[in-house]
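Read off the chains here:
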Amino acid sequence: MLDLCVGGAGALQMRWARMCVQEAQEAGEGGEEKGRSMSSQAAGNQTASGAADDYSDWYLDEPQDGQELPAEGAVPSCHPSVLSGLLHTCLAVLSVLVLLLLAVLMRRRQLRPRCRHGGPRLPSPVDFLAGDMTWTVPAAVFMVLFSSLCLLLPAEDALPFLTLASFPSGDGRTVTLRGPWKILALLYYPALYYPLAACATVRHGAAHLLGSMLSWAHFGVQVWQRAECPQTPQIHKYYSLLASLPLLLGLGFLSLWYPVQLVRSVRRRPGAGSEGLQSSYSEDYLRTLLCRKKLASSSRASKHGFLSRAWVSYRNYIYTPQRGFRLPLKLVLSATLTGSAIYQVALLLLVGVVPTIQRMRAGITTDICYLLAGFGILLSEDKQEVVGLVKYYLWALEACYISALVLSCSLTFLMLIRSLVTHRTNLQALHRGAALDLGPLPQHPHPSRQAIVCWMSFSAYHTAFTCLGLLVQQIIFFLGTTILAFLVFMPMLHGRNLLLLRHLESSWPFWLTLSLAVILQNTAAHWVFLETHHGRPELTNRRVLYAVTFFLFPINVLVGAMVVAWRVLLSALYNAIHLGQMDLSLMPPRAAALDPGYYTYCSFLKIEASQSHPATTAFCTLLLRTRQPRRPQDGLRRGEEEEGMQLLQTKDPAARGVGSRARQGRARWGLAYTLLHNPALQAFRKPALSGA
């Protein structure tokens, strides 16, 4: 009996042998029934006692005291020195204090005349319609906010300072209710970063000091957490660290920008003048608009040669900065958020799939032969060759996935650059008073409730369209590259699994017939059914034309089926590539109003053109300057404000006296034309008011 147990232990491990020895000593040498029971234990069956043995402790490499070994590649638990909930609670309290101090500062400094006789009011986080508002701080804050929302997706705790409790469900499982708390987190993060953006709109030294403290606190907390716990178990061990790079970039920029502005505000003289009456962008826009004739004549003189034409074509498709025009802040924020969305979605698609394929390829053994044989697939008689082929196919699948991801990101980024050119063209046309061809959409310049809602949600819609468009492109391109790789390129390269080529070989009469029919019709249309008389093509041989049309009708039905498949493929590919663009309707012009993205874009343009027209801003600036006491350093002559000639002052002193009357005439007519076609002023004209 002892020899039998020792022989069975040679196939198992040493602890199993010790158990066999112990049972053999208790049972004695003459127990045959016990011997059969031990033999059944050596074969892996249950004992004769009827109680199921626990086989989990039969291996020497398992830990004692019921502990489990971590899985391969598992992330060890992280225990930070300071709880994350405590840090975020301090940040939330600090943000509330900064917001209250900003409200008190605005009240005491009387930065808004309407607040003089009322209580403290909250500052605006971003002046979206201000033409001269710096775009760097809003772009950084929105990038930080979007990155925080992306990190919220795989997080177990919806709110960083709140640990959710688990409760048993009806089927015995443990359930944690996270849905309502994640909805609440969608409002918590905008409130958390609200003061960080509002410190830039107050434009005061104390606000810059508060912004410096708050940005340093946010940046320090994020760096502290990533340094202590760089690995997380969600999705991938380094996903949280990589996804937080835009967040750290935005907070790092703000932690440098606010101190620089604080130093500038300290060095600035107290009576340096108000920034509210200085509108450099609107003046540059109006100066460029009124001097466009001279610029156009000089540019036409230089338009010759291949390089010049290539540069013009490049500027029509790739956005380059243009003198005298600046994109609205909303469009800059949309471009920034689109870049962040491309990075976040690409990172999620990369770390969520590629490591899994790599682990599958590394774990392939000869057992894969039996799995494939169960499905009737026999790659080779040699098992090692089958293992090599399966690993090679998995590597090809990984290459197709990465190639599709790179192609999707590149096309999305190129469409973003192309959209910026379209935005600039449409806004310039609206600023000139032109009516865009927007299909059946309303053309009146007055803002409406729907237009305001569309303007508010434009950047958010653009971000969501970019994320979904990139995901759809990834799916389509991955399927396309996989089909091409496994059905065309790899069979032709290795000479095996020629399924598609064999199908084409067996059906070559069908494809040859369709090809000959198409070639025959095109040749006959060119040489038989068309004749040129007196320089004009005319239809001839009508009887032959009618006969050929009748006889080729069945074949043309089959050709039409192929054309329909090609049309569906091209339509799907075109719509997938342009799904993230809101300046292009994916529906025909008559149904463009049914496209919610395009309708939102058109309404957004209407609000931007009517509420932030740079010519109107420059005109209002001139009116406000006439009511201000003139300072000696201004040096403006009498009558320059009413004519707008300070916008056309040349830097050459010798040319100031030449053609002054002509410049005044151009300035008057240019200003009159601009005000006549300004959408913001059409509602306040006498006919409109009398009709109302």
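Q: Break down the overall build of the protein chain for me, citing the residues and quoting the values.
A: The helix and strand tally for the protein chain stands at 27 helices and 4 strands. Evaluated residue by residue, the protein chain yields a buried proportion of 35% over its 692 residues. For the protein chain, the share of sequence-separated contacts (at least 6 apart) that also reach a separation of at least 24 residues comes to 72%. Accessible surface for the protein chain amounts to roughly 42,500 Å². Of this, 64% is attributable to carbon and sulfur atoms.

Q: Break down the packing of aromatic side chains for me, with residues and values.
A: Taken as a whole, this structure holds 13 aromatic pairs when the rule is applied. Between the aromatic rings of Phe128 and Trp455, the centroid separation amounts to 5.9 Å while the plane-to-plane angle is 90°, which identifies the pairing as edge-to-face. You can see Phe128 sitting in the loop between α4 (84–109) and α5 (136–152) and its partner Trp455 sitting in helix α16 (residues 449–456), a full 327 residues away along the chain. Here Tyr188 and Tyr189 contribute two aromatic rings whose centre-to-centre distance is 5.1 Å and whose plane-to-plane angle is 70°, an arrangement assigned as edge-to-face. Feature note: the residues Tyr392, Tyr393, Trp395 and Phe486 constitute an aromatic cluster, connected by ring pairs. The ring of Trp455 carries the charged tip of Lys330 above its face, separated from the ring centre by 4.8 Å.

Q: Describe the nonpolar core, naming the residues involved and giving the relevant values.
A: Leu102, Val137, Tyr189, Tyr193, Leu247, Leu254 and Tyr258 are the most contacted members of the largest nonpolar core, which has 39 residues in total. Examining the composition of this core, we find that 11 residues originate from one element, helix α6 (residues 179–202), more than from any other. Beyond its immediate stretch of four places on either side in the chain, Tyr193 contacts Val141, Val144, Leu145, Ser148, His218 and Leu247.

Q: Explain the pairing of strand β4 (residues 536–539) to me, using residue names and the numbers behind them.
A: Looking along a regular strand, one sees the side chains alternate between the two faces of the sheet. As paired elements, strand β3 (residues 530–533) and β4 share 4 bridges and run antiparallel to each other. Bridge pairing in β4 links Thr532 to Pro537.

Q: Account for the packing of helix α13 (residues 329–362) against helix α15 (residues 383–431), naming residues and giving values.
A: With their axes 10 Å apart at the nearest point, α13 and α15 run at an angle of 175° to one another. As judged from the angle between their axes, α13 and α15 are roughly antiparallel. Residues belonging to the contact of α13 with α15 are distributed by class as follows: 20 nonpolar, 4 polar and 3 charged.

Q: Give a detailed account of unusual backbone geometry, specifying residues and quantitative values.
A: Positive phi is not limited to glycine here, since Asn541 has a value of about 50°. Of note, Asn541 is situated in the loop between β4 and α20 (542–551).

Q: Quick rundown of a nonpolar patch on the surface? Include the residues and the values.
A: On the surface, Ile483, Leu487, Met492, Leu499, Leu500, Leu501, Leu504, Phe510, Trp511, Leu558 and Met562 cluster together into a nonpolar patch covering about 930 Å² of accessible area. Only α17 (458–494), α18 (499–506), α19 (508–527) and α21 (553–577) provide two or more residues apiece to the nonpolar patch. The element that contributes the greatest number of residues to the nonpolar patch is α18, accounting for 4 residues. Position of Met562 relative to the elements: it lies in helix α21.

Q: Which residues make up the environment of Ala667, and what values go with them?
A: Tracing the sequence through the fold places Ala667 in helix α25 (residues 660–676). Sequence separation of Ala667 and Cys291 is 376 residues, and the distance between their C-alpha atoms is 9.1 Å.

Q: How would you explain the environment of Ser419 if you had to name every residue and give the values?
A: Take Ser419: it is sitting in helix α15. Exposure remark for Ser419: the relative accessible area of 3% places this residue in the buried category. Beyond its immediate stretch of four places on either side in the chain, Ser419 contacts Gln581 and Asp583. A polar contact of 3.0 Å, which involves the side chain of Ser419, links it to the side chain of Gln581.

Q: Give me the side chain of Ser585: which residues, what numbers.
A: With respect to the element layout, Ser585 can be found in the loop between α21 and α22 (596–611). Among the polar contacts listed, one links the side chain of Ser585 to the backbone nitrogen of Met587, at a separation of 3.2 Å. Not counting chain neighbours up to four residues away, the residues in contact with Ser585 comprise Ala592, Asp595 and Tyr598.

Q: Residue-level account of the side chain of Thr320, with values.
A: Mapped onto the secondary structure, Thr320 falls in the loop between α12 (306–317) and α13. If we ignore the near neighbours within four places in the chain, the residues touching Thr320 are Trp311, Tyr314, Arg315 and Arg424.

Q: I'd like to hear about the confidence of the model for the protein chain, residue by residue, with values.
A: Regions with low pLDDT carry predicted coordinates that are not meant to be interpreted in detail. In the predicted model, the protein chain carries a mean pLDDT of 75, and 71% of its residues have values of at least 70. In the predicted structure, residues 27–64 sits below a pLDDT of 50 and forms 40 contacts with residues beyond four places in sequence or in another chain. Long-range and interchain partners of residues 632–658, a stretch whose pLDDT sits below 50, account for 32 contacts in this model, where long-range means more than four residues apart.

The rules behind each value
Residues numbered from 1 in each chain as written. Predicted model: local features only at pLDDT ≥ 70, side-chain atom pairs only at ≥ 80, totals over all residues. Heavy atoms only, no water. Helix = DSSP H or I, 4+ residues; strand = E, 2+ residues; numbered from the N terminus. Buried < 20%, exposed > 50% of the residue type's maximum accessible area, 1.4 Å probe, protein only. Contact = heavy atoms within 4.5 Å. Areas by Shrake-Rupley, 256 points an atom, 1.4 Å probe, with all protein chains shown as cover. Phe/Tyr/Trp six-rings, centres within 6.5 Å; stacked < 30°, edge-to-face > 60°. Lys NZ or Arg CZ within 6 Å of the ring centre and 35° of its normal. Core = buried A, V, L, I, M, F, W, Y, C linked by side-chain atoms within 4.5 Å. Pairing = 2+ DSSP bridges. Axes fitted to C-alpha atoms, helices over the stretch in contact; angles between N-to-C directions. Parallel < 35°, antiparallel > 145°, perpendicular 65-115°, else oblique. Nonpolar A, V, L, I, M, F, W, Y, C, P; charged D, E, K, R; others polar. Patch = residues over 30% accessible without salt bridge, like charges linked within 9 Å, V, L, I, M, F, W, Y side chains within 5 Å. Salt bridge = Lys/Arg side-chain N within 4 Å of Asp/Glu carboxyl O. Polar contact = N/O pair within 3.5 Å; in protein donor to acceptor, adjacent residues only side chain to side chain. pLDDT = per-residue confidence, 0-100.

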